[in-house]
Amino acid sequence: MTTTAKTSSAQGAPLSVREYEPLARELLDPVHHDYFAGGAHDEITLRANEAAFARLALVPRILRGRGRPDLTTDLLGRRTSMPIVLAPTAFHRLAHPDAERATARAAASTGAIMIAAMLSTVAVEEIAAAARKTAGDAQLWFQLYVQRDMGFTEALVRRAEDAGCTALVVTADSPALGRHVRNDRNDFHDLPPGMVCENLRSLRADEPGHVRQVDLSPELSWDHVRRLRAMTGLPIVIKGVLHPEDARIAADLGMDAVIVSNHGGRQLDTTPATVTQLPRVLDAVGDRIPVLLDGGVRRGTDVAKALALGAAAVAVGRPVVWGLTVGGQQGVEQVLGMLRDELAHTLTLCGCAGPAELDRDMVAREDPRW
Ligand SMILES: Cc1cc2nc3c(=O)[nH]c(=O)nc-3n(C[C@H](O)[C@H](O)[C@H](O)COP(=O)(O)O)c2cc1C
Ligand SMILES: CC(C)CC(=O)C(=O)O
């Protein structure tokens, strides 16, 4: 077979997820690019997430005759097209005028679960309507920053329930906002005029949806999560788990899943890369609740490594924003399609009929410092 080497986006359409990043950068206001791209402090964790995947090796099996892989996956009792979820990311209108509507349509047309951010620039009801119009069985989870004002929290939960969201994702790694040098330098601390956090606006008539309304508090505790558990029948997923003991507490409190996440390196800098921490969390709770992972997933091989270690699924943040910036709904579809196709190809090359056939023996940790 002859192939024409075509590796750069300068020569045509992007051929890998990473190639969307420079294209997005060209289109974005530099201040908004810094917001999307940046991480906390020295961005050590931001870099570590991707680097850790590169240090892992896949060890394929051969001659197993498994045929074409099936990517369908069960998550929280429902079937999804692939073990790749859209991580919650705020402020999609900074990336594209169609904003979260476009992202939701792309997720729905791909059959992937979208985790809608509480700080979206389109209201959750509209996101859900866009998703459902594209695919009647589209699955939307709602990401929540639990507010100390539990009345306010409950109102948000009811909106998410009424909109048809099928799970709540509680982000627990943000007792304070991470410090981003880039945002400080750019003096970027709120949305530009004309854009607001729509889910905050309609709840509080006196407050117009500014980012500064959000209460990220060090007083938040498992007690708030207990109260949330009593408030809703929706499955609850705890996002931002790094310590195995926290995963254990989450499982003990009846949480339905956890996401091993360091918020894409945007909260506490110098936390471990998520994929290095994943086995410890799995050892603690992997037989009790599903463990998902996000941070630095850029290739189908990255997805396969996380799944082989035992993750139930992965979530992707920045790549979705790049796709949205470059091509709206179609751009997000292309990014998700690339990851899906790469994962299928990786499974084929590993001799696996599906994600469940990947196991820990198929990942080698080449770096002796592990
Ligand atoms: C621009 C941006 C905004 C984000 N906003 C949120 C948010 O509102 N809520 C949340 O829980 N996580 C948020 N995250 C974190 C993502 O959900 C996810 O943990 C992270 O992006 C995964 O890393 P990746 O970007 O390398 O895929 C955000 C991440 C980015 C890059
Ligand atoms: C405004 C922030 C709280 C949104 C967020 O989670 C992030 O940018 O990482």
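The name an unreviewed UniProt entry gives the protein is Alpha-hydroxy-acid oxidizing enzyme, with Streptomyces griseofuscus as the organism. Looking at the protein in UniProt, the text filed under Cofactor (unreviewed entry) is "FMN".

S.K.: So what exactly am I meant to see when it comes to the environment of Leu309 here?
M.R.: In this structure, Leu309 sits in helix 12 (residues 300-309). Residue Leu309 is classed as buried on the basis of its C-beta count, with 22 C-beta atoms lying within 10 Å. In sequence terms Leu309 and Leu278 are 31 residues apart; their C-alpha atoms lie 7.5 Å from each other. Beyond its immediate sequence surroundings of up to four residues, Leu309 is in contact with Leu278, Pro279, Leu282, Arg360 and Val363.

S.K.: How do you make sense of the site of ligand 1 when you look at a structure like this?
M.R.: Taken together, 23 residues are adjacent to ligand 1, and Ala87, Thr171, Gly264, Gly317 and Arg318 come closest. Considered class by class, the residues forming the shell around ligand 1 number 9 nonpolar, 10 polar and 4 charged.

S.K.: Teacher, can you tell me more about the nonpolar core here?
M.R.: General note: in soluble globular proteins, nonpolar side chains tend to be found buried as a group. Core analysis: the biggest nonpolar cluster contains 115 residues, and Leu86, Val258, Ala311 and Val314 have the highest contact counts within it. Counting residues per element, this core draws most heavily on helix 13 (residues 318-349), which supplies 12 residues. Excluding residues within four positions of it along the chain, Leu86 makes contact with Thr103, Ala107, Ala112, Ile113, Met114, Ile115, Ala315, Val316 and Val320.

S.K.: Please explain the site of ligand 2 as it appears in this structure.
M.R.: If you check the shell around ligand 2, you find Ala90, Leu119, Leu177, Val211, His263 and Arg266 and nothing else. Partitioning the shell around ligand 2 into residue classes produces 4 nonpolar, 1 polar and 1 charged.

S.K.: Please explain the packing of helix 4 (residues 99-110) against helix 13 as it appears in this structure.
M.R.: A pair of packed helices is captured by two measures, namely the crossing angle of their axes and the spacing between those axes. Two elements in contact, helix 4 and helix 13, have axes whose closest approach is 8 Å; the angle formed by their N-to-C orientations is 5 degrees. With respect to their mutual orientation, helix 4 and helix 13 come out roughly parallel. The segment helix 4 lies against helix 13, with Ala102, Thr103, Arg105, Ala106, Ser109 and Thr110 engaging Val320, Leu324, Gly328, Gln329, Val332, Glu333, Leu336 and Gly337. Residue classes in the contact of helix 4 with helix 13 are distributed as 6 nonpolar, 6 polar and 2 charged.

S.K.: I would appreciate a short explanation of unusual backbone geometry in the present structure.
M.R.: A negative phi holds for most residues other than glycine; trans holds for most peptide bonds. Positive phi, close to 55 degrees, is recorded for Leu63, a residue that is not glycine. Counting through the fold element by element, Leu63 comes out in the loop between strand 1 (56-58) and strand 2 (73-75). Overall, the presence of 6 C-beta atoms within 10 Å leaves Leu63 in the exposed class. At Asp187, a position not held by glycine, the phi torsion is positive, near 55 degrees. Within the secondary structure, Asp187 sits in the loop between helix 7 (181-186) and helix 8 (198-201). Its 8 C-beta neighbours within 10 Å are what place Asp187 among the exposed residues.

Scoring rules and cut-offs
Residues numbered from 1 in each chain as written. Chains lettered and ligands numbered in written order. Predicted model: local features only at pLDDT ≥ 70, side-chain atom pairs only at ≥ 80, totals over all residues. UniProt positions renumbered as here; feature names shortened; annotations may be inferred. Helix = DSSP H or I, 4+ residues; strand = E, 2+ residues; numbered from the N terminus. Buried ≥ 20, exposed ≤ 12 C-beta atoms within 10 Å, placed from the backbone. Contact = placed C-beta atoms within 7 Å. Near = placed C-beta within 6 Å. Nonpolar A, V, L, I, M, F, W, Y, C, P; charged D, E, K, R; others polar. Core = buried A, V, L, I, M, F, W, Y, C linked by C-beta atoms within 7 Å. Axes fitted to C-alpha atoms, helices over the stretch in contact; angles between N-to-C directions. Parallel < 35°, antiparallel > 145°, perpendicular 65-115°, else oblique.

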